[in-house]
Amino acid sequence: DSSYSCLEIHISSGINAEYGVFDEVARIPYQDLLNDNSYIDPFLLQSMKKFGFFYVVDDPEYSASHEQSLMKQFYDLDEDTKDELAIRRHTPANKHAYRGYCP
């Protein structure tokens, strides 16, 4: 049952012997997002409130090498092009304001 596996992953991740800061971030199976399974809603909400993101796992079309290729393409762009995408506004109340591209 996929709902059990997501719940198990989310809860057990916080009790690892070597605890990491992102261990509590929700890990949502790709198919559950596509199928609009409502059981994932509390995991998504908690993760978005606390961390500002969640992980999508088990994506059958994911390719780490393709992702690296896209990142390289982005960072190979000229500085003016990248500067158009840079985060410009700092909001002190938002501790996550600098996630994204910052030159």
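Thresholds applied
- Residues numbered from 1 in each chain as written.
- Predicted model: local features only at pLDDT ≥ 70, side-chain atom pairs only at ≥ 80, totals over all residues.
- Heavy atoms only, no water.
- Helix = DSSP H or I, 4+ residues; strand = E, 2+ residues; numbered from the N terminus.
- Buried < 20%, exposed > 50% of the residue type's maximum accessible area, 1.4 Å probe, protein only.
- Contact = heavy atoms within 4.5 Å.
- Areas by Shrake-Rupley, 256 points an atom, 1.4 Å probe, with all protein chains shown as cover.
- Phe/Tyr/Trp six-rings, centres within 6.5 Å; stacked < 30°, edge-to-face > 60°.
- pLDDT = per-residue confidence, 0-100.
- Arc of directions from axis to C-beta.
- Polar contact = N/O pair within 3.5 Å; in protein donor to acceptor, adjacent residues only side chain to side chain.

Asker: Would you take a moment to explain the overall build of the chain for this structure?
Answerer: Helix and strand counts for the chain stand at five helices and two strands. Per-residue burial for the chain yields a buried fraction of 17% across its 103 residues. Partitioning the contacts of the chain with sequence separation of at least 6, the portion at a separation of at least 24 is 47%. Taken as a whole, the chain presents about 7,800 Å² of accessible surface, with 55% of it coming from carbon and sulfur.

Asker: What is the right way to look at the packing of aromatic side chains in this model?
Answerer: Aromatic ring pairs are described here by two measures, namely the spacing of the ring centres and the angle between the planes. Applying the stated criterion across every chain, the model contains five aromatic pairs. A ring pair is formed by Phe53 and Tyr55, whose centres lie 5.5 Å apart and whose planes are at 85°; its orientation type is edge-to-face. Here Phe53 falls in the partly exposed class, since its relative accessible area comes to 22%. Looking at Tyr55, the relative accessible area reads 31%, which means it is partly exposed. Their ring planes at 85° and their centres at 4.9 Å tell us that Phe74 and Tyr75 sit as a pair that is edge-to-face.

Asker: Whenever I open this one, the confidence of the model for the chain confuses me. Can you help?
Answerer: Close inspection of predicted coordinates is inappropriate in any region flagged by low pLDDT. Chain-level statistics for the chain give a pLDDT mean of 77 and a share of 65% at 70 or above. Model confidence for the chain, summarised as mean pLDDT per element, is weakest for helix H1 (residues 2–12) at 41 and strongest for strand E1 (residues 27–29) at 93.

Asker: Which parts of the structure should I look at to understand helix H3 (residues 41–50)?
Answerer: The α-helix advances 3.6 residues per turn, and as a result positions three or four apart in sequence lie on the same side. Within the span of H3, buried status applies to Phe43, Leu44 and Ser47. Projected down its long axis, H3 shows its buried positions confined to an angular sector of 95°, all on one face. Across H3 from its buried face, at more than 90 degrees, point the exposed residues Pro42 and Lys49. The positive-phi residue at the C-terminal boundary of H3 is Gly52, with phi of around 85°.

Asker: What exactly am I supposed to notice about the side chain of Lys82 here?
Answerer: One can find Lys82 in helix H5 (residues 79–83). On the basis of relative accessible area, Lys82 is assigned to the buried category, the value being 5%. A polar contact is formed between the side chain of Lys82 and the side chain of Glu79, at a distance of 3.0 Å.

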